[in-house]
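Summary of the model geometry
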Amino acid sequence: MTITIYHNPDCGTSRNTLAMIRQSGEEPEVILYLETPPSRQKVADLVGSAGMTLRQAIRQKDTPYAQLGLDSLDLDDEALLDAIEAHPILLNRPFVVTPKGVRLCRPSELVLDILPNPEIGPFTKEDGEVIIDADGKRHA
């Protein structure tokens, strides 16, 4: 079984998502998408498979979103793909691919919906937020 995460190790949400995958007993393929950006077609496939539009998958915070004028509704998908290709930081993260589906895992606990083994035991995020308590109750 293959699980893939498009990961940014500088992102807490991405680190929490990766930790939940590993706690489920899986060792995913980790793609450091800022170092090895996915192709335009892969980006389109990920976003489409997650049931999103490209505009919904673009990260605005801490990116050149505003400087590039990406808030213009006149921009089509090709223009958005051009921007993501030139600036991979614009692709929101983490995208996770499992046999059960594709999700943009924001918040990170959304990964539990697509893990083959979502019963990962107690889990607390880096910031102290309890996602699954000691009794196995999900708080998300």
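Analysis parameters
Residues numbered from 1 in each chain as written. Predicted model: local features only at pLDDT ≥ 70, side-chain atom pairs only at ≥ 80, totals over all residues. Heavy atoms only, no water. Disulfide = S-S within 2.5 Å. Buried < 20%, exposed > 50% of the residue type's maximum accessible area, 1.4 Å probe, protein only. Axes fitted to C-alpha atoms, helices over the stretch in contact; angles between N-to-C directions. Helix = DSSP H or I, 4+ residues; strand = E, 2+ residues; numbered from the N terminus. Parallel < 35°, antiparallel > 145°, perpendicular 65-115°, else oblique. Left-handed = near helix turned anticlockwise from the far one by under 90°. Contact = heavy atoms within 4.5 Å. Nonpolar A, V, L, I, M, F, W, Y, C, P; charged D, E, K, R; others polar. Core = buried A, V, L, I, M, F, W, Y, C linked by side-chain atoms within 4.5 Å. Pairing = 2+ DSSP bridges. Right-handed = clockwise from strand over helix to strand, strands pointing away.

**A word on the state of the cysteines**
According to the stated counting rule, one finds zero disulfides in the structure shown. The structure places no disulfide on Cys 105, whose sulfur is separated from the nearest cysteine sulfur, that of Cys 11, by 11 Å. Overall, the relative accessible area of 0% leaves Cys 105 in the buried class.

**Some details on the packing of helix H2 (residues 40-49) against helix H4 (residues 77-86)**
Following both chains from N to C, one finds H2 and H4 inclined at 115°, their axes separated by 10 Å at the closest point. It follows that H2 is roughly perpendicular to H4 by the angle criterion. Viewed along their axes, H2 and H4 form a crossing whose handedness is right-handed. Counted together, Arg 40, Val 43 and Ala 44 of H2 and Glu 78, Leu 81, Asp 82, Ile 84 and Glu 85 of H4 form the full contact between these two elements. Here the residues of the contact of H2 with H4 are counted per class, giving four nonpolar, no polar and four charged.

**Comments concerning the nonpolar core**
In terms of nonpolar packing, the biggest core is built from 21 residues, with Val 43, Leu 54, Ile 84, Leu 90, Leu 91 and Phe 95 touching the most fellow members. Of all the secondary structure elements, the ones that give two or more residues to this core are H2, helix H3 (54-57), H4 and strand E4 (101-104). The element best represented in this core is H4, accounting for four residues. Look past the residues within four positions of Leu 54 in its chain and what remains in contact with it is Val 43, Val 47, Asp 77, Leu 80, Leu 81 and Ile 84. Counting residues in hydrophobic clusters, the runner-up holds 15 residues, among them Ile 5, Met 20, Val 111 and Leu 115.

**Quick look at the pairing of strand E2 (residues 29-32)**
Examined bridge by bridge, strand E1 (residues 4-7) and E2 share four bridges and lie parallel to one another. In the strand pairing of E2, His 7 is matched with Leu 32. Assessed by its sense of winding, the connection that carries the chain from E1 through helix H1 (residues 12-23) to E2 is right-handed.

Treat this as a map of the structure, not an account of what it does.
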